[in-house]
Structures are given as C-alpha cells and as structure tokens.
Amino acid sequence: MLDRLLLLLLFLIGFWGIIARRNIIKKIFGLTIINSAVVILFILEGSRIGNSTPIMSSGIADVVDPVPQALMLTAIVIGVCITALALAMAFRLYRSAGTFDIDEIRRKIHDEAS
Amino acid sequence: MMKRQRVISFLQTFLALGAVLAVVIPVFLSDFPWPTSARDYLEAHGVADSGARNLVSAIYLGYRAFDTLGETIVLLVAVSGTIGIIAQSGVSLARGFGEEALDRKTASPRLRHRRTELIDVVTGKLGPIVLIFGLYVMLFGHLSPGGGFQGGVVIASGIVFIALGSKNEDSTRLQEAGMLARIEAAGFLSLILAALSGMVTGSGFFGNPLAGMGASPVSYIVILNAVIGLKVGAGIGFMCVAMMGRVE
C-alpha cells in the first residue's frame, strides 16, 4: 500500500509541476514525472503475481506478467516523443519571446496584439 | 491586487489537484487482483509460439507486432516534427556545441568554459563502446533483457557521446544529420518490407516468411529487432544531434 501511495504522490508532484509552475521547461519535467509514475505503477502491479523475470529457460516458473512490461515499452517510447516535441516547441517559444515564463509570454503576445 | 491574484491562483491549483486526486485515487489504490490468465498462457505457450525466450520480445514482436509498427510510426512523426520545428526556427540551438563556440576568439568566456577537456576525452573514448553495447542489447533481445527499442536508445546515446567528444575537425559520418536521417528512412523501409514479406509466402502481414523454410522462428524476431534498433537509434540520435545545433 505504501508503494502505491508514494506513486500517487509522484503523480501529483508531476501534475502540480504542470499546472503551478510558470517555467515551460519545468512543466515538461512535470509531464515526464507523470509518465514515469504511471509506468512504474503498471510494472509494479504486473509483478505482484510472480517472482522471476519473464525470460524462460529450464527451471523458471512463476514469472511476473510480461504484458504490462511490453505495454509500458510503448508508453516509454511515446513519452520520449512527447518530451522531444514539447522541448522543440518550448525552444520555438523562447526564440520568439525570449523567455520561458508563460506569464511573460502571454504579456508579450498581449502587447503585440494591442 | 497582486495578493488577490496569488490567492486566486493558489485556489485554482488546489482545486485542480483535488479534482485529479478524486479521479486518480481509485486507480492507484484499487485492490482488484491482477489477472493471471495472460501470464499463464504466455508461460505455457510463449516460447513455442514465437521462439523467443524473452517473453516481452515475444509479445511486442510476435503477438503484438502490428502495435509495434504503429509505435515506430509515432516515433517517426515525432522526430520529423521536432526536426521541423527546430529547423524552422533557423539558428542552431546549443551554442556551446555548435561551430560558433569553437571559434575561440569570438566566443564569450562563458561559452568557452562550457566545453571542458574532460567531456572531450571521456565521451570520445566511451562512444564506440556504448555503440557496441547497443548492438549487443539489440541483437540479443530475444534471449536477454533488451530488444530493438532499448538497444536503439543505447545506440543513440553512443551517437551523442561521439558527437560530444569529437572536436570540429575529426567528425564521423555518424554525427551528420543527413546520414542519420537516411539510416532512419532505410530502417523504416526495411521494417515495412519485413512486415510485407510474410504475405508473399502466405503467412500474412507480419507473418514469419522463414517459417516454411525450416529456419527457427526466432530468426524473424532477430531481424525485426535489428531493423527497429537501427531505426530508433538513428531517429533519436538524429533528434539529439539536431538539438545540439548541427542540423543544416
């Protein structure tokens, strides 16, 4: 139970980073932390029904569930894609606004519009 | 005025966190027992069906190979999008690693200090070793922990090491953006061809074309692992090299 509570805390830290921090880079960190929390939760839960790694050889029995591991492989790759795209967009914003602070970026857009 | 704004934003954060907590708590704290039927089936039949001792490889290149094709397409789209966004912004990104900074006279002192000899020596020497380890992880993915994606990421970090460690004069083809892009395209093309080749011999899309020729069924997984590893390594390496500001 304690491990799940810690993962919940990790998830909330990531979410808090996304909504409360002003710096875009820290928001992207938050996205990555949420992704890791979900990945670890799946791996942990899938490992509860067995004891050994899912690499079969003679004498290996009672393996953990390999399905969540294969699915989380996909999730990790997609997470890398999201991080790369988000960083590229943050770079683009920095090139045009000169700052990573979303409040300042919004103010600059507002100034240019008026 | 400022104080009121801060209180409002604090309240907003608090409410959003509470709402997410209400949605996520049942997911994280559910005590529903994990189903064992998939594990039991794979434990009994996985090796015989696919030939791979590593059951994770057996799933993502055997039972769910179609899903892996979609995954590589997502990766391809993300790499093209990242490169497009960076290239459209024009200038090279990390000036500490680009050509400008190596012009020691004009570079500011701060930029000059960012690149130490330590990085040159360590990463330059480690790069080839990391590349070989990546090849090992990629080619032995059916026997040991690893596989195409994992080996590809290790290869990408080897490419980054080589790109970091080499001075401007002695560059290798592996850190040229065009070369990496070509390797990635070739990897994706051969993945599609490997997927289609099963149709010629009558075993269907992503079927094993070598099954009828007496070859062990695991050979197809080794081929797919190698192709995916090359593609992922070149793609992520391309992305990192572009973020270092070496894309033209």
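On a predicted model such as this, the values are computed, not experimentally measured, just so you know.

About the criteria used
- Residues numbered from 1 in each chain as written.
- Chains lettered and ligands numbered in written order.
- Predicted model: local features only at pLDDT ≥ 70, side-chain atom pairs only at ≥ 80, totals over all residues.
- Helix = DSSP H or I, 4+ residues; strand = E, 2+ residues; numbered from the N terminus.
- Rg over C-alpha atoms; globule rule 2.2 N^0.38 Å.
- Buried ≥ 20, exposed ≤ 12 C-beta atoms within 10 Å, placed from the backbone.
- Contact = placed C-beta atoms within 7 Å.
- Axes fitted to C-alpha atoms, helices over the stretch in contact; angles between N-to-C directions.
- Parallel < 35°, antiparallel > 145°, perpendicular 65-115°, else oblique.
- pLDDT = per-residue confidence, 0-100.
- Core = buried A, V, L, I, M, F, W, Y, C linked by C-beta atoms within 7 Å.
- Left-handed = near helix turned anticlockwise from the far one by under 90°.
- Nonpolar A, V, L, I, M, F, W, Y, C, P; charged D, E, K, R; others polar.
- Expected span 1.5 Å × (residues − 1).

**Details of the overall build of chain A**
A tally of regular secondary structure across chain A gives four helices and zero strands. When the elements of chain A are put in sequence order from the N terminus, they spell out α-α-α-α. In summary, chain A has a C-alpha radius of gyration of 20 Å against a globular reference of 13 Å for 114 residues, an excess of more than 25%. Its C-alpha atoms give chain A principal-axis dimensions of about 70 × 25 × 15 Å. Among the 114 residues that make up chain A, the fraction classed as buried is 25%.

**Some details on the overall build of chain B**
Summing up its helical and strand segments, chain B has 10 helices and zero strands in all. Counting helices and strands in the order they occur from the N terminus, chain B gives α-α-α-α-α-α-α-α-α-α. When the 248 residues of chain B are sorted by exposure, 35% land in the buried category. Sequence separation of 24 or more characterises 69% of the internal contacts of chain B that already satisfy a separation of 6 or more.

**Remarks on the interface of chain A and chain B**
On the side of chain B, 38 residues touch chain A, which itself brings 37 residues to the contact. Counting residues per element, the ones that place at least two in the side of chain A that touches chain B are α1 (2–20), α2 (24–46) and α3 (66–97) of chain A.

**Looking at the packing of helix α3 (residues 55–63) of chain B against helix α10 (residues 218–243) of chain B**
All names here are of chain B. Relative to each other, α3 and α10 sit at 85°, their axes nearing to 10 Å. It follows from the interaxial angle that α3 and α10 lie roughly perpendicular. Across from S57, L61 and G62 in α3, the residues of α10 making contact are I221, L224 and N225.

**Description of the environment of S157 of chain B**
Locating S157 of chain B in the fold gives a position in helix α8 (residues 148–165). Separated by 111 residues in the primary sequence, S157 of chain B and G46 of chain B have C-alpha atoms spaced 32 Å apart.

**Observations concerning the confidence of the model for chain B**
Residues and elements named next belong to chain B. Overall, the prediction assigns chain B a mean pLDDT of 80, with 83% of residues at 70 or greater. Element-level pLDDT for chain B is lowest in helix α5 (residues 99–102), with a mean of 44, against a maximum mean of 89 in α8. Between residues 93–108, whose pLDDT stays under 50, and residues either more than four places distant or in other chains, the model counts 28 contacts. As scored by the predictor, the complex reaches a pTM of 0.82 and an ipTM of 0.85.

**Things to note about the nonpolar core**
Nonpolar side chains tend toward joint burial in soluble globular proteins. I59, I159, I221, F238, M239 and A242 of chain B are the most contacted members of the largest nonpolar core, which totals 58 residues. Among the secondary structure elements, those contributing two or more residues to this core are α3 of chain A together with α3, α4 (65–88), α7 (117–139), α8, α9 (177–200) and α10 of chain B. If you tally residues by element for this core, the top one is α10 of chain B, at 16 residues. Excluding residues within four positions of it along the chain, I221 of chain B makes contact with S50, G51, A52, S57, L61, G62 and H142 of chain B. In this structure, F11, F15 and A37 of chain A together with F28 of chain B belong to the second largest nonpolar core, which totals seven residues.

**Looking at the packing of α4 of chain B against α10 of chain B**
All names here are of chain B. In the contact formed by α4 and α10, the axes pass within 10 Å of each other and the chain directions differ by 20°. Accordingly, the angle class assigned to the pair α4 and α10 is roughly parallel. When you trace α4 past α10, the crossing you get is left-handed. Counted together, T72, L75, L76, V79, T82, I83 and I86 of α4 and I228, K231, V232, G235, F238, M239, A242 and M243 of α10 form the full contact between these two elements. Here the contact of α4 with α10 is built from residues that sort into 11 nonpolar, three polar and one charged.

**Some points on the environment of S9 of chain B**
Residues and elements named next belong to chain B. Its place among the elements puts S9 in helix α1 (residues 2–28). A count of 13 C-beta atoms within 10 Å places S9 in the partly exposed class. Separated by 109 residues in the primary sequence, S9 and L118 place their C-alpha atoms 45 Å from one another.

**Quick word on α3 of chain B**
Owing to its 3.6 residues per turn, the α-helix brings residues three or four apart onto one side. Within α3 of chain B, eight of the nine residues are buried, which leaves it mostly tucked inside the rest of the structure. Within α3 of chain B the residues assigned to the buried category are L55, V56, S57, A58, I59, Y60, L61 and G62 of chain B. Packing partners of the buried residues in α3 of chain B comprise α3 of chain A together with α2 (37–50), α4 and α10 of chain B.

**Side note on α8 of chain B**
In this model α8 of chain B runs 25 Å from its N-terminal to its C-terminal C-alpha over 18 residues, within 8% of the 26 Å that 1.5 Å per residue would give. With 16 of its 18 residues buried, α8 of chain B lies for the most part within the structure.

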